Amino acid sequence: MIEKNYQPAEIEGRISAAWNAAGAFKAGRAERRNAEPFTIVIPPPNVTGSLHMGHALNNTLQDILCRFERMRGRDVLWQPGTDHAGIATQMVVERQLAARKEPGRRDIGREAFLEKVWAWKAESGGVIINQLKRLGASCDWSRERFTMDEGLSRAVAKVFCTLYAEGLIYKDKRLVNWDPKLLTAISDLEVQQIEVKGHLWYLRYPLEGAAFDPNDPKTFIVVATTRPETMLGDSGVAVNPGDERYSALIGRNVVLPLVGRLIPIVGDDYSDPEKGSGAVKITPAHDFNDFEVGKRHNLPQISVLDTEGRLTLTDNEDYLRGLPEGALMMAEELDGTERFAARKIIVAKLEEAGFLEKIEPNTHMVPHGDRSGVVIEPYLTDQWYVDAKTLAQPAIAAVRSGETSFVPKNWEKTYFEWMENIQPWCISRQLWWGHQIPAWYGPDGKVFVAETEDEAIGKALGYYVEQEVITPEQGDAMANDPAKLEGFITRDEDVLDTWFSSALWPFSTLGWPDTDTDVKRYYPTNVLVTGFDIIFFWVARMMMMGLHFMKDVPFPTIYIHALVRDEKGAKMSKSKGNVIDPLHLIDDYGADALRFTLAAMAAQGRDIKLSTQRVEGYRNFATKLWNASRFAEMNGCALAPGFDPEQARETLNRWIAHETAQATREVTEAIQAYRFNDAAGAIYRFVWNVYCDWYLELAKPVLTGPDSAAKSETQASVAWARDEILKLLHPFMPFITEELWATTAPRDAMLALTNWPLPADAFTIDPVVQAAMAGDPLAVPVLLPPVIETFSDPAAEAEIGWLIDLVTAIRSVRSEMNIPPATLFPLTLVSAPSETRERARRWSDVIKRLARVADISFADAPPQGSLQLLVRGEIAAIPLKGVVDLAAERARLDKEIAKADADIKRVDAKLGNADFVARAPEEVIDEQREKREEAQARRAKLLEALDRLKDVE
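Residues numbered from 1 in each chain as written. Predicted model: local features only at pLDDT ≥ 70, side-chain atom pairs only at ≥ 80, totals over all residues. Heavy atoms only, no water.

Enquirer: Got a minute to help me understand the overall build of the protein in this structure?
Expert: Within the protein one finds 34 helices and 29 strands. Along the first, second and third principal axes, the C-alpha set of the protein runs to 115 × 80 × 55 Å. Relative to its full complement of 953 residues, the protein shows a buried share of 53%. Once local pairs closer than 6 in sequence are excluded, the contacts in the protein between residues at least 24 apart make up 77%. On the protein, roughly 42,400 Å² of surface is accessible, and the fraction owed to carbon and sulfur atoms is 50%. In the protein, the 109 positive side-chain charges and the 140 negative ones have mean positions that sit 6 Å from each other. (Helix = DSSP H or I, 4+ residues; strand = E, 2+ residues; numbered from the N terminus. Buried < 20%, exposed > 50% of the residue type's maximum accessible area, 1.4 Å probe, protein only. Contact = heavy atoms within 4.5 Å. Areas by Shrake-Rupley, 256 points an atom, 1.4 Å probe, with all protein chains shown as cover. Lys, Arg positive; Asp, Glu negative; His and termini not counted. Charge placed at Lys NZ, Arg CZ, Asp CG, Glu CD.)

What follows is the structure, given as structure tokens:
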């Protein structure tokens with residue numbers, strides 16, 4: 001029996017436990033071993049993470065697809081797991097050590113620190129997994145993986161060694177994003193560009209051979225820079241070859257101020273004549289653009305900062321090389337100075353010597369570490385790299401050929417722009433937590449890359465024997481005596497970029513390289529659901545690795561969802577205080593309400609403006625379904641054995657079968673096309689409007705009347721339609737539907753494993769598979785994707801649809817003209833054909849009750865002074881004289897129209913103000929546009945009502 005009140009908190013935990021006990025979400029269930037597989041890999045959340053609204057949206061959409069396909073009979077694998085999140089996790093544990101006043105990681109050493117990280121992971125690392133379960137995620141939790149578990153670690157080592165052997169992984173000295181606080185290279189995704197009000201310093205660089213005179217522009221060239229502290233590492237000055245001011249200077253040298261080093265003036269298109277002075281200093285070791293200019297012109301790379309962002313000069317061979325006598329004093333004075341303190345000293349010395357021309361305020365974007373909060377330093381260092389350009393070519397071709405497609409398709413342009421301009425991928429990180437790079441160094445620095453230390457030792461011994469550094473006998477003795485091997489080779493201390501292991505996720509989680517059983521069944525996956533911000537960092541790299549190692553794309557479809565913003569359209573951030581916690585919404589309104597809200601608003605390519613009012617509204621939707629199910633139960637509605645809605649005799653029941661088929665078709669097609677909002681909208685309209693508002697309302701007289709064949713049929717039909725609703729709604733609102741499914745009737749299976757609501761003949765048996773199953777008593781038929789051809793009864797729709805349209809039109813007039821419910825008026829059907837007359841007589845009592853009509857008559861012409869409604873091509877007339885004060889109603893409508901016009905004018909004034917549009921945040925502009933649309937819609941309705949009044953006169 002259904003409880004009186006719908007309380008999601010009371011049912012969600014219980015339903016979740018029931019799913020788990022039944023193994024409802026396990027892939028490879030015995031009864032589905034011959035079914036077509038459907039696979040999705042979860043974008044692994046950070047093990048340090050907590051559920052945020054992006055997670056909630058992403059996993060809701062994945063769950064809709066998985067539950068939908070599971071109900072369609074497929075063998076669904078939704079692969080869950082978490083990412084080890086190198087920097088984030090290491091920082092969490094380091095902060096924990098500091099809070100407990102325990103020794104830091106460098107004090108306790110690598111091995112002891114990693115033990116503490118694993119201990120933290122065991123204790124606190126499963127938080128987000130439990131939160132995903134609260135959301136209702138139907139993953140196969142028995143297969144949960146972690147990017148640093150033993151199997152995935154073997155996959156990482158295998159991939160690294162293979163790519164190294166193929167020349168696609170190598171070590172190189174290049175610029176990286178360096179975090180001077182965390183002392184590691186970081187990815188572009190971990191860099192946050194922050195607008196800073198800084199300065200542009202204009203510096204005079206003396207021309208070689210000219211007696212420098214600050215008052216004589218012919219003796220120097222002016223360069224503009226935002227970073228005067230790095231000028232000590234300048235190795236050139238660039239001007240645009242087409243800039244007539246400087247073209248004659250190309251090829252000459254300048255004397256680097258304060259240093260005395262001669263550096264060349266080069267011509268390069270990188271220099272923009274319209275910016276600054278048109279001449280820029282080139283510091284290849286401290287700027288990504290300068291690095292490329294330096295390569296084009298063979299300029300030296302002079303690094304003048306250390307890993308902590310301090311000037312390093314006195315022991316810096318690159319800096320000291322080529323310095324004139326006497327220049328060492330500057331090096332000694334500044335050596336070890338923090339970069340921003342050095343900036344002030346250098347600017348002061350430049351000004352004192354006449355090299356500073358002017359300083360201008362300059363607002364510009366400065367890269368900061370998203371975790372450390374400090375300014376990121378482009379830093380020249382030895383790192384491991386992947387030849388991403390080579391690996392990208394098949395991944396580009398796969399999308400161009402349509403082997404993999406983006407939904408929405410416009411994201412393919414972003415993908416191509418990134419992939420066609422791809423740079424070497426820096427994969428090493430100066431951390432302790434992560435996959436330690438499988439490379440060892442011999443006594444002479446020789447690198448040995450191997451999957452295990454034993455393999456590396458074998459390679460090293462073989463190499464040094466071959467090079468006659470040691471004899472074969474010495475090699476054998478060392479191989480058989482671990483003590484002699486101690487210190488022989490040392491492992492690279494760096495770990496791999498977290499994205500390296502994540503790139504292998506679609507196949508490493510399936511047991512590769514240890515076994516290929518699951519790889520053969522579940523790879524490639526069917527679709528990837530993810531956000532646009534990691535198309536390059538994760539999606540593209542999975543494409544590259546999947547094609548290289550599996551020789552197939554990891555997924556044929558990539559669905560890119562939008563951002564979840566606040567109700568005004570602003571991006572959520574802690575600093576703005578507008579972050580909406582999904583767990584709080586689940587606590588307040590239930591997981592189903594949150595899930596349905598996100599799905600209903602997930603229009604392709606459009607960000608979601610989330611408000612708690614919307615979630616509350618869909619909680620009311622769940623309550624509506626709950627109450628409708630209770631109404632059905634209280635009125636004895638139960639599905640009779642063998643009931644076939646297509647054989648129903650009552651028009652109303654044939655109509656609901658028709659409408660159910662229509663809703664089934666709409667929801668199915670929308671989910672298949674990843675139009676989640678359309679699918680949610682279709683089922684919402686069907687449940688609220690069709691089933692609750694109309695079908696149950698029209699069925700009430702029969703259900704509350706005396707026993708009859710019509711009543712029995714209607715009771716069965718109400719129960720049947722309710723069950724179809726529960727099936728259709730289950731992917732969106734799994735908890736309430738599973739609960740109602742269990743409490744409304746004895747069931748053979750859980751709703752999660754029940755067939756999708758399509759008639760049996762919508763499925764066909766694959767004859768090839770059927771032949772292969774011969775003689776196997778455990779085999780079950782494999783259902784092919786359904787042909788969406790469902791029951792239809794145009795005659796029933798014409799009759800009940802006419803009734804609904806007529807009542808709706810009359811109710812609209814009442815609402816528009818403020819006619820109170822107690823006021824009854826007559827209804828005249830004009831020139832009605834016999835079919836309509838019969839319908840009106842059959843449904844007379846219903847029309848009178850629902851539309852508040854006094855009586856119904858028929859006439860060849862509309863009565864004088866009546867308002868005429870067009871209902872399915874036929875005229876229905878309502879005499880309004882004496883019912884409505886026409887003059888007062890006209891005045892009211894005119895006043896409301898004027899108010900709408902004023903609202904539109906007010907918004908137009910704002911949007912027409914160029915200064916307002918330029919300064920206002922995007923979400924404010926959107927809000928004004930929405931106000932205008934609302935006012936226009938209101939005005940259109942008012943004008944329609946006014947036009948109706950004219951017809952009365």
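Enquirer: For this particular structure, what's the right way to read helix 14 (residues 453–466)?
Expert: Because the α-helix completes a turn every 3.6 residues, residues three or four places apart line up on one side. Between its first and last C-alpha, helix 14 extends 20 Å over 14 residues, near the 20 Å set by a 1.5 Å rise per residue. Residues of helix 14 that are buried include every one of Ala456, Ile457, Ala460, Leu461 and Tyr464, and no others. Buried residues along helix 14 cover an arc of 135° about the axis, so they all sit on one side. Along helix 14, the residues that are exposed and aim more than 90 degrees away from the buried face are Asp454 and Glu466. (Expected span 1.5 Å × (residues − 1). Arc of directions from axis to C-beta.)

Enquirer: Please explain the state of the cysteines as it appears in this structure.
Expert: A covalent bond bridging the sulfur atoms of two cysteines is what the word disulfide describes. Going through the model one piece at a time under the given rule, you end up with zero disulfides. Of all cysteine sulfurs in the structure, the one in Cys139 sits closest to Cys66, which takes part in no disulfide; the separation is 7.1 Å. What makes Cys66 buried here is its relative accessible area of 0%. Cys161 supplies the cysteine sulfur nearest to Cys426, a cysteine that is in no disulfide, at a spacing of 18 Å. (Disulfide = S-S within 2.5 Å.)

Enquirer: Looking at this structure, how should I read the side chain of Arg110?
Expert: You can see Arg110 is positioned in helix 5 (residues 110–124). Buried Arg110, no salt bridge; nearest opposite-charge side chain is Glu493, N-O distance 4.9 Å. (Salt bridge = Lys/Arg side-chain N within 4 Å of Asp/Glu carboxyl O.)

Enquirer: Explanation requested: the pattern of salt bridges in the structure shown.
Expert: Think of it this way: side chains of opposite charge can pair up when their charged atoms draw near. Scanning the model with the defined rule gives 60 salt bridges in all. Two residues, Glu799 and Arg842, come together in a salt bridge whose shortest N-O distance is 2.7 Å. Note that Glu799 is positioned in helix 29 (residues 794–816) and Arg842 in helix 30 (residues 834–842), a separation of 43 residues in sequence. Through salt bridges with shared partners, one network takes in Arg227, Glu229, Arg339, Arg343 and Glu377.

Enquirer: How should the packing of aromatic side chains be read in this particular structure?
Expert: With the rule as written, the count across this model stands at 42 aromatic pairs. With centroids separated by 5.4 Å and ring planes inclined at 55°, the aromatic side chains of Trp19 and Phe25 adopt a geometry described as tilted. Judged by relative accessible area, which is 2%, Trp19 ranks as buried. Measuring from ring centre to ring centre gives 4.7 Å for Phe621 and Tyr684, while their planes differ by 40°; the resulting arrangement is tilted. On the criterion of sequence distance, the pair formed by Phe621 in helix 23 (residues 612–634) and Tyr684 in helix 25 (residues 676–703) is long-range, its members being 63 residues apart. (Phe/Tyr/Trp six-rings, centres within 6.5 Å; stacked < 30°, edge-to-face > 60°.)

Enquirer: Which parts of the structure should I look at to understand the layout of surface pockets?
Expert: Space left empty within the atom packing is revealed by a probe, the size of a water molecule, rolled over the atoms. Reported here for the second largest pocket is a volume of approximately 1,300 Å³. Lining the second largest pocket are 42 residues, and of these Thr226, Arg227, Asp287, His364 and Met365 sit closest to its centre. The dominant element in the lining of the second largest pocket, judged by the number of residues it contributes, is strand 7 (residues 191–206), at eight residues. For the lining of the second largest pocket, the residue count by class is 16 nonpolar, 16 polar and 10 charged. (1 Å grid on protein atoms, 1.4 Å probe; cavity = no way out; pocket = protein on both sides within 12 Å on 5 of 7 lines; lining within 4 Å. Points joined across faces, edges and corners; volume = space filled by probe spheres on them. Nonpolar A, V, L, I, M, F, W, Y, C, P; charged D, E, K, R; others polar.)

Enquirer: Is there a simple way to think about the packing of helix 22 (residues 591–600) against helix 23 in this case?
Expert: Geometry of a packed helix pair, given as the angle between the helix axes and the separation of the axes. Following both chains from N to C, one finds helix 22 and helix 23 inclined at 115°, their axes separated by 8 Å at the closest point. With respect to helix 23, the axis of helix 22 lies roughly perpendicular. Between helix 22 and helix 23 lies a crossing whose hand is right-handed. Here helix 22 contributes Ala593, Leu594, Phe596, Thr597 and Ala600 to the contact with helix 23, which in turn contributes Arg614, Val615, Tyr618, Arg619 and Phe621. (Axes fitted to C-alpha atoms, helices over the stretch in contact; angles between N-to-C directions. Parallel < 35°, antiparallel > 145°, perpendicular 65-115°, else oblique. Left-handed = near helix turned anticlockwise from the far one by under 90°.)

Enquirer: Is there a simple way to explain the pairing of strand 9 (residues 236–239) in this structure?
Expert: On a regular strand, each side chain points to the face opposite its neighbour's, so the side chains alternate between the two faces of the sheet. The side-chain alternation of strand 9 yields two buried faces, one formed by Gly236 and Ala238 and the other by Val237 and Val239. Alignment of strand 9 against strand 12 (residues 279–282), held across four bridges, turns out to be antiparallel. What sits directly across from Val239, in strand 12, is Ala279. Sheet topology places strand 9 next to strand 11 (residues 262–267); three bridges connect them, and they run parallel. Residue pairing for strand 11: Val239 is matched across the bridge by Gly267. (Pairing = 2+ DSSP bridges.)

Enquirer: In this structure, what is going on with the sheet that holds strand 11? I would like to understand it.
Expert: As summarised here, the arrangement of the four strands in space is 10-11-9-12, forming an open sheet in which the pairing is mixed. Strands at the two margins of the open sheet, each flanked by one partner only, are strand 10 (253–255) and strand 12. Strand-to-strand twist across the sheet, computed as the mean angle between neighbouring axes with direction ignored, equals 30°. Where helix 8 (residues 288–297) meets the sheet, it contacts strand 11 and strand 12, and its direction lies at approximately 85° from that of strand 12.

Enquirer: Whenever I open this one, helix 30 confuses me. Can you help?
Expert: Taken together, the buried positions of helix 30 are occupied by Thr836, Arg839 and Ala840. Around the axis of helix 30, the buried residues are gathered within 100° of arc, so they sit on the same side. The exposed residues of helix 30 that point more than 90 degrees off its buried face are Ser834 and Glu835. Considering only its buried residues, helix 30 is in contact with helix 29, strand 26 (825–830), helix 31 (844–851), strand 27 (853–859) and strand 29 (874–879).

Enquirer: Sorry, what's going on with the sheet that holds strand 23 (residues 557–561) here?
Expert: Sheet strands line up and pair through hydrogen bonds in the backbone, either parallel or antiparallel. Spatially, the three strands line up as an open sheet ordered 15-23-22, and their pairing is parallel. Both outer strands of the open sheet, strand 15 (405–407) and strand 22 (527–531), are each paired with one neighbouring strand and no more. Each strand axis lies, on average, 25° off the axis of its neighbour in the sheet, ignoring direction. Summarising the sheet, strand 22 and strand 23 pair through five bridges and their orientation is parallel. When the bridges of strand 23 are listed, Gly531 appears paired with His561. In the packing of helix 2 (residues 53–71) onto the sheet, contacts are made with strand 22 and strand 23, and the angle to strand 22 comes to roughly 160°.

Enquirer: Which parts of the structure should I look at to understand the confidence of the model for the protein?
Expert: Caution is warranted with low-pLDDT regions, since their predicted coordinates should not be read in detail. On average, residues of the protein carry a pLDDT of 91, and 96% of them reach 70 or more. Note on residues 759–787: pLDDT under 50 across the span, and 35 contacts to partners over four residues away in sequence or across chains. (pLDDT = per-residue confidence, 0-100.)

Enquirer: How do you make sense of the pairing of strand 26 when you look at a structure like this?
Expert: Summarising burial for strand 26: five of the six residues are buried, a large majority. Across five bridges, the pairing between strand 26 and strand 27 is parallel. Looking across to strand 27, one finds that Phe825 is bridged to Val853. Of the pairings in the sheet, the one linking strand 26 to strand 29 comprises three bridges and is antiparallel in character. By the bridge assignment for strand 29, Thr828 is matched with Ala877.

Enquirer: It is not clear to me how unusual backbone geometry should be interpreted in this structure. Could you clarify?
Expert: Trans peptide bonds make up most of the peptide bonds, and negative phi angles are found at most residues other than glycine. Cis geometry is adopted by the peptide bond preceding Pro513, which originates at Trp512 and carries an omega value of 5°. Its identity is not glycine, yet Arg852 carries a phi of approximately 60°, on the positive side. On the secondary structure map, Arg852 appears in the loop between helix 31 and strand 27. Look at Arg852 and you get partly exposed, because its relative accessible area is 34%.

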